[in-house]
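# Breakdown of the fold
Single-letter residue listing:
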Amino acid sequence: MTEDTEATLPRPPVVVIRHARRQDLPQLNDMIKALSAHHGDASAMTPETLERDLFGALPWITALVADGGEGLIGYAILVPLYRADEGKRGMDLHHLFVRDGQRGNGIGQHLVARARDIAVQSGCDYLSVGAATGNVAAHRFYEHMDFVPRPVTGMRYIQRLS
């Protein structure tokens, strides 16, 4: 190659972390189903349920998406928390997902950073996240992102309302 010849190298796609939009619901739903399948769970999520919970009269969750320009390649879902005994607000990073083939490119780190920003802007004192006991890769990732492990104590019960 001479000085006059330019090499055209492929550029990595620009990824934008942003709030989910209504038009994202089908892709977001697909990624939620993919995360559920990864954990061996079935997903009952639908785009209609996501629309209700993100954009309805009483928004229940916040969803961030990683937009690769030609489609969504990751997402994070945030849910408010409260510790009444401490008088502290928190935000739970309920889901964090990056599509196969995109992991290891920093997308998860960017989603966590944006989730942290939203928690701070919401007046939260902490951001929490859970990972399955055997998911060592997730444990390492979260610890690398400055999350501190906290033991889970006791049982959690549910009562169906419908």
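Up top is the structure these notes are about.
Model, not experiment: these values are computed from the prediction. (Residues numbered from 1 in each chain as written. Predicted model: local features only at pLDDT ≥ 70, side-chain atom pairs only at ≥ 80, totals over all residues. Heavy atoms only, no water.)

## Notes on the pattern of salt bridges
The condition that has to hold: Any carboxyl oxygen of Asp or Glu that lies within 4 Å of a side-chain nitrogen of Lys or Arg is treated as forming a salt bridge with it. Secondary structure counts use DSSP, requiring at least four H or I residues in a row for a helix and at least two E residues in a row for a strand, with both numbered from the N terminus. Exposure is judged per residue with a 1.4 Å probe applied to protein chains only, and the accessible area is read against the type maximum: over 50% gives exposed, under 20% gives buried, and values in between give partly exposed.
Throughout the structure, instances matching the rule amount to six salt bridges. In this structure, Arg18 engages Asp67 in a salt bridge whose closest nitrogen and oxygen atoms are separated by 3.0 Å. With Arg18 in strand S1 (residues 16-19) and Asp67 in strand S2 (residues 62-67), this residue pair connects regions lying 49 residues apart in the sequence. Of the two residues, Arg18 and Asp67, both sit in the buried class. Ionic pairing is found between Glu51 and Arg22, a salt bridge with its closest N-O pair at 3.0 Å.

## Topic: the packing of aromatic side chains
Threshold: Here a pair means two rings of Phe, Tyr or Trp (six-membered ring of Trp) with centres within 6.5 Å. Their orientation is stacked below 30 degrees between planes, edge-to-face above 60, and tilted elsewhere.
Evaluation of the coordinates by the stated rule reveals three aromatic pairs. When the ring of Tyr142 is compared with that of Phe147, the centres are 5.6 Å apart and the planes differ by 80°; the resulting orientation is edge-to-face. With a relative accessible area of 11%, Tyr142 lands in the buried category. Residue classification places Phe147 among the buried residues on the basis of a relative accessible area of 14%.

## Looking at the nonpolar core
Selection rule: Residues belong to one nonpolar core when they are buried, are Ala, Val, Leu, Ile, Met, Phe, Trp, Tyr or Cys, and are joined through side-chain atoms within 4.5 Å. Note on contacts: a residue pair is in contact if any heavy atoms of the two residues lie within 4.5 Å.
Counting residues in each nonpolar core, the largest one holds 21 residues, and the members touching the most others are Leu64, Leu78, Leu93, Leu111 and Leu127. Of all the elements, helix H3 (residues 107-121) adds the most residues to this core, at six residues. With residues up to four places along the chain from it excluded, the contact list for Leu64 reads Ile17, Arg18, His19, Ala20, Gly74, Tyr75, Ala76, Leu78, Leu111, Arg114, Ala115 and Ile118. In terms of nonpolar packing, the next biggest core, distinct from the first, is built from 15 residues, Leu50, Leu54, Ala63 and Val65 among them.

## Side note on the packing of helix H1 (residues 25-38) against helix H2 (residues 47-55)
Definition in use: Working convention: axes come from line fits to C-alpha atoms, limited for helices to the stretch in contact. Angles between N-to-C directions cover 0 to 180 degrees. The labels follow the angle: roughly parallel below 35 degrees, roughly antiparallel above 145, roughly perpendicular from 65 to 115, and oblique for the rest. Note on residue classes: Ala, Val, Leu, Ile, Met, Phe, Trp, Tyr, Cys and Pro are nonpolar, Asp, Glu, Lys and Arg are charged, and everything else, Gly too, is polar.
Relative to each other, H1 and H2 sit at 105°, their axes nearing to 9 Å. It follows from the interaxial angle that H1 and H2 lie roughly perpendicular. Only Pro47, Leu50, Glu51, Leu54 and Phe55 of H2 make contact with H1, whose side of the interface consists of Leu25, Pro26, Leu28, Asn29 and Ile32. Its residues assigned to classes, the contact of H1 with H2 shows eight nonpolar, one polar and one charged.

## A word on the pairing of strand S4 (residues 88-98)
Quick reminder of the rule: We treat two strands as partners when DSSP finds at least two bridges between them.
For S4, the buried fraction is high: eight of the eleven residues fall into the buried class. In terms of strand pairing, strand S3 (residues 72-83) meets S4 through ten bridges, oriented antiparallel. Bridged to Tyr82 within S4 is Arg89.

## Digging into the environment of His139
Along the polypeptide, His139 turns up in helix H4 (residues 136-144). The class of His139 is partly exposed, set by a relative accessible area of 25%. Taking the C-alpha atoms as reference, His139 lies 16 Å from Gly106; in sequence the two are 33 residues apart. Apart from residues no more than four positions distant in its own chain, His139 is found in contact with Ala131, Ala132 and Thr133.

## Some thoughts on the sheet that holds S2
Strand order across the open sheet formed by five strands is S1-S2-S3-S4-S5, with mixed pairing between neighbours. The open sheet terminates on both sides in strands that have one partner only, identified here as S1 and strand S5 (126-129). Within the sheet, the average angular offset between the axes of one strand and its neighbour, ignoring direction, is 30°.

## Some details on unusual backbone geometry
Of note, the phi angle at Asp146 is positive, near 75°, even though the residue is not glycine. For Asp146, the location among the structural elements is in the segment after H4. Its relative accessible area of 68% is what places Asp146 among the exposed residues.

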